[in-house]
Amino acid sequence: MSEYHHVKFEREQENIPHRGIDRRDFLKLSGFTFAGAFLAGCQAPSVDKAIPFLVKPEEVTPGLSSFYATTCGGCNASCGIITKNRDGRPIKIEGNPSHPISQGGLCAVGQAHILGLYDSQRLKNPVLFGKETSWEHVDTTLKTKLEEIKKGSGAVRFLSSTISSSAQRNVIAKFLSGFSDAKHIEYDALSVSAILDAHERTHGNRILPHYHFDQAEVIVALDADFLGTWISPVEFTKDYRKGKILNGNSSKFSFHVQVEANVSLTGSNADMRISLSPNAYKNFFHALASSIEGGNSSLPNVNELAAKLRSAKSKSLVVCGVNDIDLQVLTNSINHLLGNYGSTIDIEKPSKQYRGNDSELEHLFSEINDGKVSALFVYNCNPVYDIPNGNFLGKQMEKIPLSVSFSERNDETSGVTQCICPEHHSLESWNESEICAGVFSLSQPVLQPLGNTRSLTESLNSWMNVRQTAYETIRSEWQHSVFKRQNKENDFQKFWDTSVHDGFAEVEAGENIVQEFSKQSLQNISPSNIATDLALVLYPKISIRDGKHAHNPWLQELPDPITKIVWDNYVSISKKTAERFGIGENDVVEITAHISSVKRMVKLPAHIQQGMCDNVVAVALGYGRKGTERFTNIGPEWFEAEPTVKQGEFVGKNVAEFLQWANGNISYIVMQCSVAKTNEQYRLAATQEYHSLQMPKHLVSSDAERRPIIQETTFASYIKNNSAGSFPKHAYASMWGEEHPYNNHHWGMAIDLTKCTGCSACVIGCQSENNIPCVGKDEIARNREMTWIRIDRYFHEEENKFSVAFQPMMCHHCNNAPCETVCPVLATVHNEEGLNQQIYNRCVGTRYCSNNCPYKVRRFNWFDYEHGDEMHKLVLNPDVVVRERGVMEKCSFCIQRIQEAKIVAKRNGVVLHDGEIQPACQQSCPANAIVFGDMNDTHSELSQRMNDPRFYKALEEIGTRPAVGYMTLVRNSDEVRNV
Amino acid sequence: MSEVYSILREPLIGGNKTYTDITNDVCSPLERKPTYAWWFAFTISFTMLMAGVIAVTYLLTTGIGTWGLNNTIGWAFDITNFVFWIGIGHAGTLISAILFLFRQKWRTSVNRSAEAMTIFAVICAGIFPIIHMGRPWLAFFVIPYPNERGPLWVNFRSPLVWDMFAISTYFTISFVFWFVGLIPDLATIRDRAQSNFKRKIFGLLSFGWNGSNRTWSHYEKIYLLLAGLATPLVVSVHTIVSWDFATSVIPGWHTTIFPPYFVAGAVFSGFAMVLTLMLIVRKVLRFEEYITLHHVESMCKIIIATGGIVSMAYGTEYFIALYSGNEYEKFTFLNRALGPYSWSYWIMVSCNVITPQLFWFKNIRRNVALVFLLSIVINIGMWFERFVIITTSLTRDYLPASWDSYSPTSIEIATLVGSFGLFLTLFLLFARFLPMIAIGEVKGVLSYGRNKNGEHQ
């Protein structure tokens, strides 16, 4: 103790140290270093230049959209579209509700092809001998060359995809008439030439029938993906849905059988699906035909099908999507037997969407090979890429003295032609087409051409020294022919204006001579194929189709409806076949086949596909496109990320070398191939990892084998009891009373699972409307897809029965939202109209909302997702914020559209009507599966759906009280498959 | 002045120490140059810290995407680490505050270091809620400050807001408690200081402590008050942290057992960490006579108790999952044990349920090397417990289409390593500059188990 005192004394005499550290330094030391580090990097990029108009253009009011009707250029179907323009350029495409063919629907490709407009890879100037030049130079050079060719004896060939515009055909014909040996050859990359050839044999006229799925009570489709990619999928979806109406007692439901090897979108919607190898197709149809005539077949299912078909004479429809003339003749004979011609199959008012003639193409190929062609014009097709032996054609092109391509970009074909005269994008063009007899679709440009491009008509006119623009050409053609085919309107100007405004015109069909079915045609059918071991089926994906849209990142990143894989093509193989070869998922395999005596090989990753026919492998066309090496920069670049495409490589592999001519038609089926496993692996990126509602066997407890998420029943059960298949309803008791009073509108949505085909048009529609970025393959593989709506796809395979169910999932805007209670900063709140709102500038990104969402519909911005192409920014919707890194986003029920409609109604002093507000998903859906509306309006379509006994809500038992509900999936099958 | 205790009890401080001895033993490591052992340990932990700094800088500049999280699994290593570190902190507060209120005299040798450990653990923990945010530069949005946007407040219903209050309160009180307790010892160092600079700094830090009776009296009063304030935090903080999960709808998270389960688990892992650190400290700094085997044993006993609660909780979860009949709940627990992440589950069970049972045996409790090893095993197990609860529950929830898997990226692993680096760096700095044992308090229990002459029978 004394020691201590001593110390104390000493201390008292010392100077107490002066406190030199003041408050500021203290605060500094207390650890504001973190905050300081953050403040440095928080500046958002500011707008560089916002310059208002000096003189406002008449049609352009900033903030208001203008709408123009035109025609979709995504594929040959020519669906009618309406573009939404802002600041003088289109930013969104919708289906045209009045259009007689597409009836307001639009597929994923249609929704996405607007991005193809804003593509910096599109040529901005014509190219001559590899160098960009001016039109004058091109015209002078070409005119000189053409004069030389006129003097010579060489053939002039104009190769294009189907042109159903008579104006264009006339201009081409006129141009070609200036040469002694000139021909216009049409082919389609996804050819249905066999159908036309078959009708020539059976009915004397080379036509593609107009199929009416709405009139059919029984549909048998052999390898025809008519809901997905075949001929006119939007129209067929609309019509197909008309044949399946569930209205309580006044219901009707067609019976659809799909016979196929690969699992297609259409097959997954079928009431009955028969898995068959392609080398058994002919036998099947032979058996079906004879069974319909009264015979008895030993093949499974045939007699049952024949009976059903017979009971629906002239109300059935048998279609075949195989480009083989024998099968098509058989198809025609079956339809004839069933009396379908004239009802479900219309050959008097045929479709003009596809006219390609494969045998003429084959002939052209040999002409080029023999050096007989002096000039080749290539328009709207890419033969070097997508025809059999296309590579060889590419090399042969050098033999041709003059080769001109009208392609919009430097692709496989235009890269080897001497001259490229780039055409406008379909949205920049005046065009017209006769989709089917009597129905004309018009295209008008919805913006000034972005580059120095020129339409085909004008190019040809220029070389013929005719001064006429495309507009004038079309207008005059209409004045002389189309206008004359109708008598409702007498004034051409009025007729023209109405047609341009509407985007279409309906006139008299015109003459079409067809003969009675010729039984002689059946005699030429070659015998059935011998059973072979492993067949290869080449098919188009719903997003990429023939490869035309391979440069579109939205479509590359659209998950395939069946496999949910993005950004690649792969070999689909059944589990048994995979086991036979020792192949696992993501193993790279080598496919070898002998095509016309040439050995072809390709290495692709394997994907084990449920429901796939054994001894069949399938690979998608349309990949390995030149120009897709640009995608090496898409997606965030950080050190653990793998690029979407390796430097200099293409997305996927081109398998067009496996195509071959068979009996004058391009065959997409290789009857014999072999598959070998290599030592490599290739990671395929898919958006879904688990594919069933059934729990894994070792984790199943009693009564809980299948999760109650999708209600399913059969049509027979539905008729007996309209709420068949319903899960037990839960009585929701709340301690809190009604937290949110909805005095005005209460928005909700009902999705009919019977109607949804899984086509994914809604996904692209939403992406387009809401400025959703593409994230790249690596991010998808890490389960970070950005699309606000996804389509969950569940398989069920048991013994020989295979079924698929689709369930679109977006934010359910729960009335008792689990996300709203847990956000610390009130970035997600409920509004007085029932919407769960996400307030981007408040979100700090804790991700608790996403963790707590049982539907997992929230999307987080894991990185700053840059556009791969700067020009893509032109498609952004100015009504929707572009989100920053670190912010959560999700479906907003297109609140910008809701607000716009409410403001317009208020301004005009009218009441808002049901159907005026359509979120992007509803608007694109060709099948009318999605309906948005006001729950408080008892007359709205939504309320009607909600009162339907089929209506239910997913995961209702949690107590989220979602505003989105589903309707039971009804199938016309014998037993409930319960996916 | 000191109380008289029976010589039948084992002395808390071994080796016949005097007051001077205590002061010298504790202060002399601070007054000599650091040893090679310290530099070695410091180099390693500073390297680990730097790895973490680089990783976090990359994260903040590039985005949360550099972690292995995705749309299904929004929290993994980040919140696992957060809960892990907060849990560890609870032992220190329990030793400092609760054992003080329970008059457990043996706490005096370890409470200073344990409380320091708590503060460093809370610092490590507090980093994670900030960096796990997508936009951490706006982290202040979580604080309800008056503003002109409404005013716009925070969502008081959200457990993350409660976290903000809880963690900040916890840190503040722990820090104040620890610092106030340090003042007499800082004064001691000031008095012994040879250099002017050192005397100035420690003089500043000791607030002019003069050791008078009145000063001591105030000190003891405030110490008691702070202990009282800190005690409820031991239960409340981790309860609130557990509510981050318990208030959600996800099966595996949505359960009312979490508060006691988490608090017990926190104390369990915290004591294991205290043991890990103390067993090294006592060896290196030769504090065996201050941190005796009795202390080690007592801490092991607490580990048995809390470990037992944790094991009970595991069992209860399974029972309730089965008994409830809720198919999602049943699935979640079957999935934990037999699904793709079952390896993490079984690590958790073997480390947390089996290991503490070994402490029933006295010769294991008194075997320093074994206790050290087992304490590390327990912490590994507790880290995995949070991983199992947080991450594996998210991988497979309601909609099978959303099921996915998770694996950490190098950035996440570096961040975890960095958090250990920060913890150890701070602890080593603490060991270098501040007295590791509460000199004043230890002097107060010197006569425990000794007679007036300081002898023990």
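The structure this text deals with has already been given above.
Numbering of residues starts from 1 in every chain and runs along the sequence as written. Chain letters and ligand numbers both follow the written order, the letters beginning at A and the numbers at 1. It should be noted that, the model being predicted, local features are given only for residues of pLDDT at least 70 and side-chain atom pairs only at 80 or more, the latter also being counted only at that level, while totals for whole chains, interfaces and linings use all residues. Excluded from the side-chain calculation are hydrogens and water; included are all heavy atoms of the structure.

(A) Up close: the overall build of chain A. A run of H or I in DSSP becomes a helix once it reaches four residues, and a run of E becomes a strand once it reaches two; helices and strands are each numbered from the N terminus. Across its full length, chain A carries 28 helices and 44 strands. When we talk radius of gyration, it's over C-alpha atoms, and the globule rule is simply 2.2 Å times the number of residues to the 0.38. Scaling as 2.2 N^0.38, a compact globule of 979 residues should have a C-alpha radius of gyration of about 30 Å, and chain A matches this with 31 Å. In terms of overall dimensions, chain A has a C-alpha envelope of 125 × 70 × 70 Å along the principal axes. Evaluated residue by residue, chain A yields a buried proportion of 61% over its 979 residues. The contact definition used throughout considers only heavy atoms, calling two residues in contact when any of these lie within 4.5 Å. In chain A, the proportion of contacts linking residues at least 24 apart, taken out of those at least 6 apart, comes to 72%. A total of about 38600 Å² of accessible surface is found on chain A, and carbon and sulfur atoms cover 50% of it. Partly exposed residues are those whose accessible area sits between 20% and 50% of the maximum for their type, while under 20% is buried and over 50% is exposed, using a 1.4 Å probe and protein chains only. Residue exposure ignores everything except the shown protein chains as possible cover, and the areas themselves are Shrake-Rupley values with a 1.4 Å probe.

(B) Inspection of the overall build of chain B at higher detail. Looking only at helices and strands, chain B features 15 helices and zero strands. Expected size for 457 residues packed as a compact globule is a radius of gyration near 23 Å; at 23 Å, chain B falls within 12% of this value. Seen along its three principal axes, the alpha-carbon backbone of chain B occupies a region of about 75 × 55 × 40 Å. Expressed as a percentage of the 457 residues in chain B, the buried residues total 61%. Within chain B, contacts between residues at least 6 apart in sequence are counted, and of these 81% link residues at least 24 apart. Carbon together with sulfur atoms contributes 69% to the accessible area of chain B, which is approximately 17800 Å² in total. We treat Lys and Arg as the positive residues and Asp and Glu as the negative residues; His and chain ends play no part in the count. Working definition for charges: the position is that of NZ of Lys, CZ of Arg, CG of Asp or CD of Glu. Where the 33 positive side-chain charges of chain B centre and where its 25 negative ones centre are 8 Å apart.

(C) Examining the sheet that holds strand β31 (residues 673–681) of chain A more closely. Residues and elements named next belong to chain A. What the seven strands build is an open sheet, ordered β30-β22-β27-β24-β26-β25-β31; its pairing is mixed. Among the strands making up the open sheet, the edge pair consists of β30 (669–670) and β31. Any two strands with at least two DSSP-identified bridges between them are counted as paired. Here strand β24 (residues 571–573) runs beside strand β27 (residues 616–620); their pairing, made up of three bridges, is antiparallel. Bridge pairing in β27 places serine 572 opposite alanine 618.

(D) Geometry of the environment of threonine 133 of chain A. Residues and elements named next belong to chain A. Along the chain, threonine 133 turns up in the loop between β5 (131–132) and α5 (135–151). Considering only alpha carbons, one finds threonine 133 and valine 880, 747 residues apart in sequence, at a separation of 40 Å. With residues up to four places along the chain from it excluded, the contact list for threonine 133 reads Asn125, Pro126, Val127, Leu128 and Val138.

(E) The sheet that holds strand β18 (residues 419–420) of chain A, seen in detail. All names here are of chain A. The sheet built from seven strands is open, its strands ordered β5-β4-β18-β17-β16-β6-β7 with mixed pairing. Two strands bound the open sheet, and with one partner strand each, they are β5 and β7 (182–186). Contacts between helix α6 (residues 166–177) and the sheet are confined to β6 (155–160), β7 and β16 (373–379), with β7 contributing the most and set at about 150° to the helix. Every axis corresponds to a line fitted to the C-alpha atoms, with the helix fit spanning only the stretch in contact, and the corresponding angles, defined between N-to-C directions, vary from 0 to 180 degrees.

(F) The arrangement of the pattern of salt bridges in detail. What makes a salt bridge here is a side-chain nitrogen of Lys or Arg within 4 Å of a carboxyl oxygen of Asp or Glu, nothing more. Using the criterion set out here, one finds 55 salt bridges over all chains in the structure. Among the ionic pairs, aspartate 25 of chain B bridges to lysine 17 of chain B, the shortest N-O distance being 2.8 Å. Residue classification places aspartate 25 of chain B among the partly exposed residues on the basis of a relative accessible area of 26%. Overall, lysine 17 of chain B belongs to the buried group, its relative accessible area being 17%. A network of salt bridges, in which partner residues are shared, links Asp119, Arg122, Glu408, Arg409, Glu428, Arg630 and Asp869 of chain A.

(G) Fine view of the nonpolar core. Membership of the largest hydrophobic core comes to 306 residues, with the highest contact counts inside it found for Phe285 of chain A together with Trp85 of chain B. In contact with phenylalanine 285 of chain A, other than residues within four places in its own chain, are Leu222, Val318, Cys320, Leu327, Leu330, Thr331 and Ile334 of chain A. By nonpolar core we mean a set of buried residues, namely Ala, Val, Leu, Ile, Met, Phe, Trp, Tyr and Cys, connected to one another through side-chain atoms within 4.5 Å. Of all hydrophobic cores here, the second largest spans 44 residues; its members include Val602, Val619, Phe658 and Ile666 of chain A.

(H) Layout of the interface of chain B and chain A. Counting residues at the interface gives 82 residues for chain B and 78 residues for chain A. At the boundary of chain B with chain A, total buried surface from both sides reaches about 6700 Å², with 57% on carbon and sulfur atoms. Interface area lost by chain B to chain A is led by Asn71, Arg135 and Trp137 of chain B, which between them contribute 12%. Applying the counting rule to chain B against chain A returns three salt bridges. Polar contacts, as counted here, are pairs of nitrogen or oxygen atoms within 3.5 Å of one another; within protein the pair requires one atom able to donate a hydrogen and one able to accept it, and residues that are adjacent in sequence qualify only if both atoms are side-chain atoms. At the junction of chain B and chain A, the tally comes to 47 residue pairs in polar contact (both at pLDDT 80 or more). Secondary structure elements with two or more residues in the side of chain B that touches chain A: α2 (36–62), α4 (111–131), α5 (159–192), α6 (196–205), α7 (213–246), α10 (327–338) and α14 (410–433) of chain B. The biggest single contributor to the side of chain B that touches chain A is α10 of chain B, with seven residues. A breakdown of the residues in the side of chain B that touches chain A according to their chemical character gives 43 nonpolar, 25 polar and 14 charged. As used here, buried area is the combined drop in accessible area, with a 1.4 Å probe, of two parts when they are placed together. Classes in brief: Ala, Val, Leu, Ile, Met, Phe, Trp, Tyr, Cys and Pro nonpolar; Asp, Glu, Lys and Arg charged; the others, Gly included, polar.

(I) Layout of the side chain of lysine 777 of chain A. Inspection of the secondary structure puts lysine 777 of chain A in helix α23 (residues 777–781). According to the relative accessible area criterion, lysine 777 of chain A is buried, its value standing at 8%.

(J) Layout of the pairing of β7 of chain A. Residues and elements named next belong to chain A. Of the strand pairs in this sheet, β6 and β7 are connected by five bridges, and their pairing is parallel. Bridge pairing in β7 places phenylalanine 158 opposite histidine 184. The handedness rule is simple: strands pointing away from the viewer, and a clockwise path from the first strand over the helix to the second, make the crossover right-handed. For the crossover that starts at β6, traverses α6 and ends in the parallel β7, the hand is right-handed.

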